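This is what each chain is made of:
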Amino acid sequence: MNTRKVVAWTAAVVGAAAVGVWLYRLTHPADARGPATPDPGRNRPPLPDGLFDMPEGIIDHEFETHDGGVIHAIEKGSGQPLVLIHGLTLRSDVWAPQFHHLTDRFRVIAVDLRGHGSSRPGREGFGLERLGDDLATLLEHLDLHDAIVVGHSMGGMTIMECCVHHPEVVAERVAGVIFMATRAHQAIPPVIDGPLRSLLGRGQAMIDRGEPLPARAQINERLARLAFGQHPSRRAVAVVAEMGGSMDPASLVPSVDQIFDLDVREPLRRTNTPSLVMVGTRDLLTPVPSGRQLARLLPDCDFVVLPRAGHQLMQERPDEVDEIITGFADRIAGRVESLSQAVDVDPGPVTSEQVERPGEA
């Protein structure tokens, strides 16, 4: 499996997703755009480059998984635990903006998923169920209670698997969950499902035979830019490209492969944990309609749309994301009656018009 094929098929995934989003916007313009808001668009002030570097005072944790792997996590701050879980090809430090903004109120903890960053898989290898197991282990190892757990993309799928397979841990230790730019099923567009499975199968066969794969997956800044919406920070795009380009292909192949057969729609209908789904209108991988479908599955769920934002919400819209997280914490603690009320009280950029309750529609 050569590097050019990896890049070509990655581009095909994004391209197919882009076509699907364009067709949906064409036929369902109001639903795909989200609510009308006073979003500043091109007039939004640029984010400082330093926001994407981790602040000082970070504490590192390492602990063993049930199958002998190693999970690395970082933390800073004090207060209610806020657990942040990244998406495919990223690392814990992708949450740098939240470490700058939220550690005065929360004990912010970010995790490297197995095969990413400094975490290593154990005997059972990869799989979304393993990621759910690792999250349960982290919650128990750090003895967290009343935690808010935020999952971006594959990180959201990790939370779903934890809810399905470790409901007792979630009930005891988690106060609320936030699904950011993620899906509960059909993570890979059907049009490229077969060819991509075939390509990954060949790559895995090479790994099994001990043959070397390309040193890097060549996720460059041009490809990383597709994960962002309107006018992203160049520094943020470079961070995503560096993370993807530095990931070991021997971990990348099974990490991509593990998301093909995800379908936890029925189990999610039976969850009771308060939840929130947020998505950007320029997200090519998990567009607004898929986010709204996820929110409708959950019995106690808020849904927030961020105009002109893409897939990398925590990097593109840190002020909005941080206001939503804080408002959600106030809502589930009973300090306000609803997320709409919380964002109206907060002077930040999110308005109550952006908050929906799809399950009550």
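### Looking at the nonpolar core
- In this structure, Val 83, Leu 135, Leu 138, Val 149 and Leu 294 are the most contacted members of the largest nonpolar core, which totals 47 residues.
- Not counting chain neighbours up to four residues away, the residues in contact with Leu 135 comprise Val 83, Ile 85, Val 149, Thr 158, Ile 159 and Cys 162.
- Counting residues in each nonpolar core, the second largest holds 45 residues, with Ile 74, Leu 102, Val 304 and Met 314 among its members.

### Regarding the pattern of salt bridges
- Taken as a whole and assessed by the stated rule, the structure comprises 21 salt bridges.
- Asp 93 serves as the salt-bridge partner of Arg 91, at 3.0 Å between the closest nitrogen and oxygen.
- A residue is classified by how much of its surface remains accessible, and Asp 93, at 23% relative accessible area, is partly exposed.
- Here Arg 173 ties to Asp 143 by a salt bridge, and the two come within 2.9 Å at their closest N and O atoms. Here Arg 173, found in helix H6 (residues 167-173), pairs with Asp 143, found in the loop between helix H4 (128-141) and strand S5 (147-152); they are 30 residues apart in sequence, far enough to count as distant.
- With relative accessibility at 10%, the residue Arg 173 sits in the buried group.
- Here the salt bridges do not stand alone but share partners, grouping Glu 124, Glu 129, Arg 130 and Asp 133 into one network.

### Details of the side chain of Glu 75
- Inspection of the secondary structure assignment puts Glu 75 in strand S2 (residues 70-76).
- Assessed through its relative accessible area of 7%, Glu 75 is described here as buried.
- Engagement of the side chain of Glu 75 in a polar contact is seen with the side chain of His 61, the distance being 2.7 Å.
- At 2.9 Å, the side chain of Glu 75 and the side chain of Arg 107 are in polar contact.
- If we ignore the near neighbours within four places in the chain, the residues touching Glu 75 are Gly 57, Ile 58, Ile 59, His 61, Phe 99, Arg 107, Val 108 and Ile 109.

### Some remarks on the sheet that holds strand S8 (residues 301-306)
- Taken in spatial order, the nine strands of this open sheet run S1-S2-S4-S3-S5-S6-S7-S8-S9, and their pairing is mixed. Each edge of the open sheet carries a strand with a single partner, namely strand S1 (59-64) and strand S9 (355-356).
- By the bridge criterion, four bridges tie strand S3 (residues 80-85) to S5 in an arrangement that is parallel. Across the sheet, residue Ile 85 finds its bridge partner in S5, namely Gly 151.
- Packing against the sheet, H4 makes contact with S1, S2, S3, strand S4 (106-112), S5 and strand S6 (174-180), and its axis sits at approximately 120° to S1.
- On top of the sheet, helix H12 (residues 288-297) reaches S6, strand S7 (275-280), S8 and S9; it is set at about 170° to S8, its chief contact.

Cut-offs and rules
- Residues numbered from 1 in each chain as written.
- Predicted model: local features only at pLDDT ≥ 70, side-chain atom pairs only at ≥ 80, totals over all residues.
- Heavy atoms only, no water.
- Core = buried A, V, L, I, M, F, W, Y, C linked by side-chain atoms within 4.5 Å.
- Buried < 20%, exposed > 50% of the residue type's maximum accessible area, 1.4 Å probe, protein only.
- Contact = heavy atoms within 4.5 Å.
- Salt bridge = Lys/Arg side-chain N within 4 Å of Asp/Glu carboxyl O.
- Helix = DSSP H or I, 4+ residues; strand = E, 2+ residues; numbered from the N terminus.
- Polar contact = N/O pair within 3.5 Å; in protein donor to acceptor, adjacent residues only side chain to side chain.
- Pairing = 2+ DSSP bridges.
- Axes fitted to C-alpha atoms, helices over the stretch in contact; angles between N-to-C directions.

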